[in-house]
Amino acid sequence: MFMTKYDIAIEIDARGSFCPGPMMELIKAIRQSEVGEFLSLLSEDEGTRNDVPAWINKAKHELVEIIYEDGYDRYIVKKLH
Amino acid sequence: MQRIVIVGGGFSGINVANKISMKTKRKDVSIILIEPREDNVYEPFYLYWSFRKDPLKKFHIPIRKVLRKRVQHIPALATKIDTKNKSVDLSNGETIRYDYLIIATGARMAEEKVGAYEKDNVHHFYLTKATTELQEALKNFNGGTIVISPSTVPYKCPPAPMEFAFMVDRYLRKRKIRDKSTIKFLYPLLRPYPERRVAAKIQELYDKRGIEFVEFFNFERVDKENNKIVSLEGDEIDYDLLVLIPPHEGHKVIIEAGLGDREGFVPTDRFTLKVKDQDNIYAIGDCTNLPVSKSGAVSHFSAPTVAKNLLLEMEGKEPTEKYDGFTICFVVTSPRRSLLLFFSYAYPPKKFGLHNLFIYGLVKKAFKIAYFKAILRGYL
Ligand SMILES: Cc1cc2nc3c(=O)[nH]c(=O)nc-3n(C[C@H](O)[C@H](O)[C@H](O)COP(=O)(O)OP(=O)(O)OC[C@H]3O[C@@H](n4cnc5c(N)ncnc54)[C@H](O)[C@@H]3O)c2cc1C
């Protein structure tokens, strides 16, 4: 598990999967997690950069940070409700 | 003599059984197919059948007619898979031992999880009985709002609900009640199809036909008392007729054998198609957790890999054959037109024939002939 300043409850490694894979994996994880928990989504898909922030905004959760790693992005998401 | 047991005789099970029987000799290998049903169904036809009552025999075929003589069909349900003792218990009381097992149980339509299909205005077109009920509901529909939505992802044939919206539009126009009706297509994503260019084309066609697209709608529940469908994102949409694709999950026998993931799908190596952490077990088709669509096309293109790897293992070699995720998909936009798309693990949908070609729409319907005559039998 990635060491961050956040206490990550679920890490979703969606590398190697294309849209809608990463987003659907994130939605599944949101359904399973508790309010207040942090999730980390790993994706190398270009489409995710647009779609995941848009979905988080629509679903009123919090996109805490996007960390640009070598060859992929790490999205830190907080479940708000 | 080695024994291959295949659990599930839908498209994937029949196809792979026939393929293996063509590549092995009767004296070396016995092939047993466990499948409780006597018939195979050409499921893409449900899309058309929702609107017209063709006889069942138009898209059902007895399994004995498409299964090669060498394959023994046992008409029973597998009730237990024992991977330690390499055996399968059947509903008829028999226990069958295997040297190699192929899981091809497909996805279970978990209708009970919706808790609303008993209503006369909540339906789907993924099973025969459900589709007959939808036929009635459509016939009795005289205007109002038709809402179409998936419930869970993944589900079989990703474009099917979106195609259904096109088909319903045409049906209502034919019945001259389109102006009294609203069609809404709800989808978990920001656009009506994962790939942008395809989505743009579909959006253009939806706009032309007045079909409303509702973005980011991840199904949560049906409020059947108030005829509303509610999303995870907190939206509520009223319906007069709801067409909701049922939740998909793995079968009980898979879950109880400890062979399923959270949703009961079988964790499968995406290249070799061997079940993860298991010896002598392969999986094919909708029962797997492969990161590709749940479709007959995927089973068709992956069946040679399963057959080849199994034969390699039987010869004491490594299963080195690889499935690259290649598949195709027709997206029907009217009874005569459709878009043709290509995918693989290495690339997202590549459009092809995005011109909404006349001929492709006919292909999906007419494909039934090739399906029953050649593909199911393992010739192609
Ligand atoms: C409306 C609709 C449209 C579609 N359109 C297309 C399309 O255009 N193109 C395309 O490629 N695909 C399409 N599909 C998808 C395609 O039909 C399926 O992906 C395909 O049938 C999957 O085959 P399968 O054998 O893996 O699963 P299934 O067909 O579900 O077969 C699984 C079999 O396993 C059996 N089984 C289950 N549990 C047990 C057990 N315990 N013991 C023994 N047997 C068991 C079942 O009885 C069943 O016969 C469509 C599907 C639908 C519903």
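What you see as residue numbers is a count from 1 along each chain, following the sequence as written. Here the convention is simple: chains get letters from A, ligands get numbers from 1, in the order in which they are written. Local features in this predicted model are restricted to residues whose pLDDT is 70 or higher, and side-chain atom pairs enter the listing and the counts only when it is 80 or higher, whereas totals over whole chains, interfaces and linings include all residues. Here the side-chain values reflect all heavy atoms present in the structure, with hydrogen atoms and water set aside.

1. Things to note about the pairing of strand S14 (residues 211-214) of chain B
Residue and element names in this part refer to chain B. The line we're drawing: Strands are treated as partners if at least two bridges between them are detected by DSSP. Secondary structure is summarised from DSSP: a helix means a run of H or I of at least four residues, a strand means a run of E of at least two, and numbering begins at the N terminus for each. With strands facing away from the observer, any crossover in which the path from the first strand over the helix to the second runs clockwise is taken as right-handed.
With four bridges connecting them, strand S13 (residues 181-186) and S14 associate as parallel partners. For Leu186, the partnering residue across the bridge sits in S14 and is Val214. Taking the sense of rotation as the criterion, the β-α-β connection linking S13, helix H6 (residues 196-209) and S14 turns out right-handed.

2. Concerning the sheet that holds strand S1 (residues 2-7) of chain B
Whenever strands of a sheet pair, they do so through backbone hydrogen bonds, lying parallel or antiparallel. Residue and element names in this part refer to chain B. The cut-off we apply is this: Structural elements are reduced to axes, namely lines fitted to C-alpha atoms, with helices fitted over the stretch in contact, and the angle between N-to-C directions of any two is expressed from 0 to 180 degrees.
Ordered by their spatial adjacency, five strands build an open sheet running S5-S2-S1-S9-S20, and the pairing between neighbours is parallel. Across the chains shown, the open sheet's two edge strands, defined by having one partner strand only, are strand S5 (72-74) and strand S20 (281-283). Neighbour-to-neighbour, the strand axes of the sheet open up by a mean angle of 20°, direction not taken into account. Taken together, the three bridges between strand S2 (residues 29-34) and S5 define a ladder with parallel strand orientation. Pairing of Leu33 across the sheet is with His73, part of S5.

3. Topic: the layout of surface pockets
Basically, it comes down to this: Here the term cavity refers to a set of points on a 1 Å grid, laid over the protein atoms alone, in which a 1.4 Å probe fits but cannot get out; the term pocket refers to an open set having protein on both sides within 12 Å along at least five of seven lines, with lining residues being those that place an atom within 4 Å of a point. Grid points are joined across faces, edges and corners, and a volume is the space filled by probe spheres set on the points. Residues were grouped as follows: Ala, Val, Leu, Ile, Met, Phe, Trp, Tyr, Cys and Pro as nonpolar; Asp, Glu, Lys and Arg as charged; and all remaining residues, including Gly, as polar. In this document the domain limits rely on a domain assignment from an automatic tool or a database.
Approximately 530 Å³ is the volume attributed to the second largest pocket. Lining the second largest pocket are 23 residues, with Arg31 of chain A together with Ser151, Thr152, Val153 and Glu263 of chain B sitting closest to its centre. If one sorts the elements of the lining of the second largest pocket by residue count, helix H1 (residues 21-32) of chain A sits on top with five residues. Its residues assigned to classes, the lining of the second largest pocket comprises ten nonpolar, six polar and seven charged. When residues of the lining of the second largest pocket are assigned to domains, at least three fall in each of domain 1 (2-107 + 250-314) and domain 2 (111-247) of chain B.

4. Some thoughts on the domain arrangement of chain B
All names here are of chain B. Our working definition: Whether two residues are in contact is decided by their heavy atoms: any pair within 4.5 Å suffices. Here the buried area means the combined drop in accessible surface, using a 1.4 Å probe, for two parts upon being joined, counting both sides. Any carboxyl oxygen of Asp or Glu that lies within 4 Å of a side-chain nitrogen of Lys or Arg is treated as forming a salt bridge with it. Side-chain atoms alone can form a polar contact between residues adjacent in sequence; in general such a contact is a pair of N or O atoms within 3.5 Å, and within protein one must be able to donate a hydrogen while the other accepts it.
Domain boundaries assigned for chain B yield domain 1 (2-107 + 250-314) and domain 2 (111-247). The interface is formed by 15 residues belonging to domain 1 together with 22 residues belonging to domain 2. Buried surface at the junction of domain 1 and domain 2, both sides included, amounts to about 1600 Å², of which 67% is carbon and sulfur. Salt-bridge contacts for Glu136 lead to Lys53; the nearest nitrogen and oxygen are separated by 2.8 Å. Counting across the interface, domain 1 meets domain 2 through five residue pairs in polar contact (both at pLDDT 80 or more). Among the elements that take part in the side of domain 1 that touches domain 2, helix H2 (residues 46-49) stands out by supplying four residues, more than any other.

5. Here we look at the interface of chain B and chain A
With 22 residues of chain B at the interface, the matching set in chain A holds 17 residues. When the area that chain B buries against chain A is broken down by residue, the three leading residues are Phe216, Leu232 and Glu233 of chain B, summing to 28%. At the junction of chain B and chain A, the tally comes to five salt bridges. One salt bridge in this structure joins Lys28 of chain A and Glu263 of chain B, with 3.3 Å as the shortest N-O distance. Our count for the chain B to chain A interface comes out at six residue pairs in polar contact (both at pLDDT 80 or more). Contributions of two or more residues to the side of chain B that touches chain A are made by strand S15 (219-223) and strand S23 (347-357) of chain B.

6. Observations concerning the pattern of salt bridges
What counts here: Type-normalised accessible area, obtained with a 1.4 Å probe on protein chains alone, sets the label of each residue: buried when under 20%, exposed when over 50%, and partly exposed for intermediate values.
On inspection of all chains with the given rule, the structure shows 31 salt bridges over all chains. Close ionic contact of Asp235 of chain B with Lys58 of chain A constitutes a salt bridge, the shortest N to O distance being 2.6 Å. Placement of the pair is Asp235 of chain B in the loop between strand S16 (228-231) and strand S17 (236-238) and Lys58 of chain A in helix H2 (residues 48-58), with the two residues belonging to separate chains. When its relative accessible area of 25% is taken as the criterion, Asp235 of chain B is described as partly exposed. For Lys58 of chain A, a relative accessible area of 26% puts it in the partly exposed group. One salt-bridge network, held together by shared partners, links Arg108, Glu112, Lys113 and Glu249 of chain B.

7. Section: the packing of aromatic side chains
Residues and elements named next belong to chain B. Condition: Ring pairs are drawn from Phe, Tyr and Trp, using the six-membered ring of Trp, whenever the two centres fall within 6.5 Å, and their geometry is named by plane angle: stacked under 30 degrees, edge-to-face over 60, tilted for the rest.
Taken as a whole, this structure holds 18 aromatic pairs over all chains when the rule is applied. A centroid spacing of 5.9 Å and a plane angle of 80° characterise the contact between Phe185 and Tyr206, whose relative ring orientation is edge-to-face. Of the two residues, Phe185 is situated in strand S13 and Tyr206 in helix H6; the sequence distance between them amounts to 21 residues. No difference in accessibility class separates Phe185 from Tyr206, as the two residues are buried. A ring pair is formed by Phe326 and Phe342, whose centres lie 5.9 Å apart and whose planes are at 35°; its orientation type is tilted. Of this pair, Phe326 sits in the loop between helix H8 (296-314) and strand S21 (327-332) while Phe342 sits in strand S22 (residues 338-344), and the two are 16 residues apart along the sequence.

8. Quick word on the packing of helix H4 (residues 128-140) of chain B against helix H5 (residues 160-174) of chain B
Residue and element names in this part refer to chain B. For the record, the criterion: Just so you know how the angles are binned, under 35 degrees is roughly parallel, over 145 roughly antiparallel, 65 to 115 roughly perpendicular, and the rest oblique. Crossing handedness: left-handed means the near helix sits turned counterclockwise from the far one by under a right angle, and right-handed means the same turn made clockwise.
Axis separation between H4 and H5 bottoms out at 12 Å; the angle between their running directions is 40°. Taken together, the axes of H4 and H5 lie oblique to each other. Between H4 and H5 lies a crossing of right-handed hand. Residue-level inspection shows Leu134, Leu138 and Lys139 of H4 in contact with H5, the latter providing Phe164, Val168 and Tyr171. When the residues that make up the contact of H4 with H5 are grouped by side-chain class, the tally is five nonpolar, no polar and one charged.

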